[in-house]
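Fold and contact review
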Amino acid sequence: MAFAPKRKRSARETAKREKSFRQHLAKKNAPRGRIVLPPDVRIEDLDWGESAQEAGFRRLHEMDVAFEKAELEHLRRKCALLEAIIRKDRERGDIS
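1. Thoughts on the overall build of the protein
Helix and strand content of the protein: two helices and zero strands. In terms of overall dimensions, the protein is more spread out than a globule: its C-alpha atoms have a radius of gyration of 32 Å, far above the 12 Å expected for 96 residues. Taking the principal axes of the C-alpha coordinates as reference, the protein spans close to 85 × 70 × 20 Å. Considering the protein as a whole, with its 96 residues, one finds that 3% of them fall into the buried category. Split by element, the accessible area of the protein, about 10200 Å² in all, is 58% carbon and sulfur. If you average the places of the 24 positive and of the 17 negative side-chain charges in the protein, the two averages end up 16 Å apart.

Put into structure tokens, the structure is as follows:
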């Protein structure tokens, strides 16, 4: 299956396409709205700490990391034990 060759665009057409694309990106990334604070609220007084949901996610992540670490340590100990058993069996001649 043959593909048709790409059409050559003039410099003017290319510039127009690039301008249109940049305008599209600017419109897409533009802020959609603004928040207006009441006059008696100062931005410094707002609490920017983590929410309860964010704290829960952080705790879950920490628990997951701790579990993975403990599991890896357990598997390493189990591997070392099995290695010692196999080494003893080879020394006795039970396995080749």
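2. Concerning the pattern of salt bridges
Considering all chains together, one arrives at eight salt bridges under this definition. In this structure, Asp45 and Arg42 form a salt bridge, with 3.6 Å as the shortest nitrogen-oxygen distance. Judged by its relative accessible area of 52%, Asp45 falls in the exposed class. For Arg92, the salt bridge identified is with Asp89, shortest N-O distance 2.7 Å. Of this pair, Arg92 and Asp89 both sit in helix α2 (residues 52–92), three residues apart, which is roughly one turn of that helix. Since its relative accessible area comes to 61%, Arg92 is described here as exposed.

3. Some remarks on α2
Under the 1.5 Å per step criterion, the end-to-end length of α2 is 60 Å for 41 residues, consistent within 8% with the ideal 60 Å. Taken together, the buried positions of α2 are occupied by Ala55, Gly56 and Asp89. Phi for Gly93, located one or two positions after α2, is positive at around 90°.

4. Comments concerning the environment of Arg87
Structurally, Arg87 is set in helix α2. Residue classification places Arg87 among the partly exposed residues on the basis of a relative accessible area of 44%. Taking C-alpha positions, Arg87 is 71 Å from Arg17, a pair spaced 70 residues apart along the chain.

5. Description of a nonpolar patch on the surface
On the surface, Ile35, Leu37, Ile43, Leu46 and Trp48 cluster together into a nonpolar patch covering about 580 Å² of accessible area. By the element assignment, Ile35 lies in the loop between α1 (11–29) and α2.

6. Here's the deal with the environment of Ala55
Inspection of the secondary structure puts Ala55 in helix α2. Taking the C-alpha atoms as reference points, Ala55 and Glu44, separated by eleven residues in sequence, lie 22 Å from one another.

Quick notes on the rules
Residues numbered from 1 in each chain as written. Predicted model: local features only at pLDDT ≥ 70, side-chain atom pairs only at ≥ 80, totals over all residues. Heavy atoms only, no water. Helix = DSSP H or I, 4+ residues; strand = E, 2+ residues; numbered from the N terminus. Rg over C-alpha atoms; globule rule 2.2 N^0.38 Å. Buried < 20%, exposed > 50% of the residue type's maximum accessible area, 1.4 Å probe, protein only. Areas by Shrake-Rupley, 256 points an atom, 1.4 Å probe, with all protein chains shown as cover. Lys, Arg positive; Asp, Glu negative; His and termini not counted. Charge placed at Lys NZ, Arg CZ, Asp CG, Glu CD. Salt bridge = Lys/Arg side-chain N within 4 Å of Asp/Glu carboxyl O. Expected span 1.5 Å × (residues − 1). Patch = residues over 30% accessible without salt bridge, like charges linked within 9 Å, V, L, I, M, F, W, Y side chains within 5 Å.

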